[in-house]
Amino acid sequence: MATSQNGYRANDRSLIASYEIPGGKVAVRKGDVATVLVYFAKRFHSEVEPLKWPGNWGYAERTIRGNSTTLSNHASGTALDLNAPQHPLGKVGTFSSKQVAAINRILADCDGVLRHGKNYSGRKDEMHVEINKGTAAVAALADKIRAGKKPGPKGGATSSGGGGSSWTSVSGKTPTVRQGNKGEPVKRIQKAVGVKVDGYFGASTKAAVMDFQRKYKLGVDGIVGKATWAKINAGKKAKAKKPRKSQKAPKFPLKKGHWYGVESRNAKNHSGVVAKDRAGIKQLQAQLKKRGWKLSVDGRFGAKTKRVVIAFQKEKGLKPDGLVGLATWKKIWESPVT
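What counts and how
- Residues numbered from 1 in each chain as written.
- Predicted model: local features only at pLDDT ≥ 70, side-chain atom pairs only at ≥ 80, totals over all residues.
- Heavy atoms only, no water.
- Helix = DSSP H or I, 4+ residues; strand = E, 2+ residues; numbered from the N terminus.
- Buried < 20%, exposed > 50% of the residue type's maximum accessible area, 1.4 Å probe, protein only.
- Contact = heavy atoms within 4.5 Å.
- Areas by Shrake-Rupley, 256 points an atom, 1.4 Å probe, with all protein chains shown as cover.
- Lys, Arg positive; Asp, Glu negative; His and termini not counted.
- Charge placed at Lys NZ, Arg CZ, Asp CG, Glu CD.
- Polar contact = N/O pair within 3.5 Å; in protein donor to acceptor, adjacent residues only side chain to side chain.
- Salt bridge = Lys/Arg side-chain N within 4 Å of Asp/Glu carboxyl O.

Caption draft 1: Spatial organisation of the overall build of the protein. Along the protein, the regular secondary structure elements total nine helices and nine strands. The 338 residues of the protein split such that 44% are buried. In the protein, 51% of the contacts between residues at least 6 apart in sequence involve partners at least 24 apart. Carbon and sulfur atoms form 53% of the exposed surface of the protein, whose accessible area is close to 17,100 Å². Distance between charge centroids for the protein: 10 Å, based on 65 positive and 23 negative side chains.

Quick look at the structure:
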């Protein structure tokens, strides 16, 4: 399989589509890559200099200029050249200091996912910007852009051929839901599979859905259809049947002022690294699981336990710090199941 310099599959036109940027269209890799590159191009247009046509392009099945063997990142659709005639290959200083500051600001907002040709250690290429991270980092940034959590233009990239990556709203009790959807059903799915509940079905939600499907021996495709909804709703019914009566919490196992939490150097924090603390952690994990939260009872206070504790604390009006002190401990047993 041919790959470009950054490791992405190259010279495969089935992965490429045409996307609109100010004044025209460019061909780039579908999905999350398109969202990120189009986002950069839009901000470049509004914050650095207006895009001029012709002179902007993306996908091209070629090697790096001056190299006969290494495929350019253009060959995988993971790079753009913007206003190329104004910023020719090898020329330095084609941007003003104010423009350089604006480009650096956009790159910083892109969480290190993009690299600009002005920053090359060798021959400069000031027209050029490219994907510089793997698919997980690109997906995380694309999710933030589509959710409007980054400065500047929000939403996905609009495709004019071959598919796109904008959010599509879904509604109803049990619609078919997949990556790229948003809406109230997505929130119910996210709560069931134990990820952040924001209503946007991104890469992290898809991964959690696939784990959920594996657990219940369903078809593992990351798409929530009838069978997956049946398991989600069966879990809700089981929770609804649980007694809502309060019960007295067992004695808090730690000293006054101590708590359970993810491993740290604080002497008052107990994470399960020390064996004697694991019984208490297993107690709280088992009780949270009994209440309907999804987590392992392993006596280790890790990131998953912390996420569940934070969600529980928010539900009960406690400070959502992810630490189980006396107050949270009591609520885990004594507050009604909701």
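Still more to cover.
Caption draft 2: Quick look at the side chain of His270. Note that His270 resides in strand S9 (residues 269-270). On the basis of relative accessibility, which here comes to 13%, the residue His270 falls in the buried class. In terms of polar contacts, His270 uses its side chain to reach the side chain of His258, at 2.9 Å. Those residues in contact with His270 that lie beyond four places of it in its chain are Leu254, His258, Trp259, Tyr260, Gly261, Asp277 and Ile281.

Caption draft 3: Layout of the pattern of salt bridges. Going through the model one piece at a time under the given rule, you end up with 14 salt bridges. A salt bridge links Arg146 to Asp32; its shortest N-O distance comes to 2.7 Å. Taken as a pair, Arg146 in helix H3 (residues 135-146) and Asp32 in helix H1 (residues 32-48) lie far apart in primary sequence, 114 residues in all. A relative accessible area of 17% means that Asp32 is categorised as buried. The salt bridge involving Arg115 is made with Glu130; its shortest N-O contact spans 2.6 Å.

Caption draft 4: Here's a closer look at the environment of Asp298. Within the fold, Asp298 resides in the loop between helix H7 (278-290) and helix H8 (303-315). A residue is classified by how much of its surface remains accessible, and Asp298, at 40% relative accessible area, is partly exposed. Here the alpha-carbon distance between Asp298 and Lys173, two residues 125 residues apart in the chain, equals 34 Å. Leaving out residues up to four positions away in the same chain, Asp298 has contacts with Lys282 and Gln285. Of note is the side chain of Asp298, whose polar atom sits 2.9 Å from the backbone nitrogen of Arg300.

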